[in-house]
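# Structural characterization, general
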Amino acid sequence: MTLDPWMFDLVLLGVAAEFALLAALLARKGHRPWALPLFWFLVSGALLMAAVRFAIVDADDRVTGGLLMISLLTHLACLWSAWRLVKR
């Protein structure tokens with residue numbers, strides 16, 4: 001089985017829909033503080049998926065590496081915002 005880039009495009013679309021749905025549900029229930037860690041979590045995962053997508057189409061390694069580095073930074077932002085929320 002070969003991996004086609006459009007498969008990752010579908011996953012990225014699903015991640016965007018997941019964020020929209022979860023953010024709306026959290027806001028409706030009054031859990032707005034969790035929206036920021038959730039945002040960083042989903043962005044980090046989406047960047048990882050984008051890095052895999054670019055890797056399978058043999059894009060420049062700097063693009064894939066850059067996406068992985070930004071994903072790491074957004075993951076650290078997720079951890080930091082969740083830690084601040086838990087400490088409150």
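Residues numbered from 1 in each chain as written. Predicted model: local features only at pLDDT ≥ 70, side-chain atom pairs only at ≥ 80, totals over all residues. Heavy atoms only, no water.

### Brief notes about the confidence of the model for the protein
Condition: Across the chain, each position has a pLDDT score giving the predictor's confidence in that residue, from 0 to 100. Numbering of helices and strands runs from the N terminus, with a helix taken as a DSSP run of H or I at least four residues long and a strand as a DSSP run of E at least two residues long.
Per-residue pLDDT for the protein has a mean of 88; in total, 99% of the residues score no lower than 70. Helix α3 (residues 61-87) holds the highest mean pLDDT among the elements of the protein, 94, whereas helix α1 (residues 5-28) holds the lowest, 86.

### Focus on a nonpolar patch on the surface
For the record, the criterion: To count toward a patch, a residue needs a relative accessible area over 30% and no salt bridge; like charges are then connected within 9 Å, while nonpolar side chains (Val, Leu, Ile, Met, Phe, Trp, Tyr) are connected within 5 Å. In short, Shrake-Rupley with a 1.4 Å probe defines the accessible areas, and a residue's cover is counted only from the protein chains shown. Any carboxyl oxygen of Asp or Glu that lies within 4 Å of a side-chain nitrogen of Lys or Arg is treated as forming a salt bridge with it. Per-residue accessibility, obtained with a 1.4 Å probe over protein chains only, is compared with the maximum for each type, and a residue is labelled buried under 20%, exposed over 50%, and partly exposed between these values.
Together, M69, L72, L73, L76 and L79 make up an exposed nonpolar region whose accessible area comes to about 480 Å². Along the chain, L79 falls in helix α3. On the basis of relative accessible area, L79 is assigned to the partly exposed category, the value being 47%.

### Some points on helix α2 (residues 35-56)
Note the cut-off: Every helix has an expected span of 1.5 Å times one less than the residues it contains. In what follows, a contact means two residues having at least one pair of non-hydrogen atoms within 4.5 Å.
Between the first and last C-alpha of α2 there are 32 Å, a value that for 22 residues agrees with the 32 Å anticipated at 1.5 Å per step. P37, L38, L42, S44, A46, L47, A50 and A51 are the residues of α2 that are buried. Contact partners of the buried residues in α2: α1 and α3.

### Things to note about the side chain of T64
Tracing the backbone through its elements, the reader meets T64 in helix α3. Not counting residues within four places of it along the chain, the set of residues in contact with T64 comprises A51, F54 and A55.

### A few points about the packing of aromatic side chains
Going by this rule: Only the six-membered ring of Trp is used, alongside the rings of Phe and Tyr, when aromatic pairs are assigned; centres must lie within 6.5 Å, and planes under 30 degrees apart are stacked while those over 60 apart are edge-to-face, with the rest tilted. Both a distance and an angle decide whether a charge sits over a ring: NZ of Lys or CZ of Arg must be within 6 Å of the ring centre and within 35 degrees of the ring normal.
The full count for this structure, using the stated rule, is two aromatic pairs. Pairing F19 with F39 gives two aromatic rings, centres 5.6 Å apart and planes at 65°, and the pair type is edge-to-face. Within this pair, whereas F19 is found in helix α1, its partner F39 is found in helix α2, the two being separated by 20 residues in sequence. The exposure class assigned to F19 is partly exposed, which follows from its relative accessible area of 26%. Among the aromatic residues, those joined into a cluster by ring pairs are F19, F39 and W40. Seen from the ring of F54, R53 lies directly overhead, with NZ or CZ sitting 6.0 Å from the centre.

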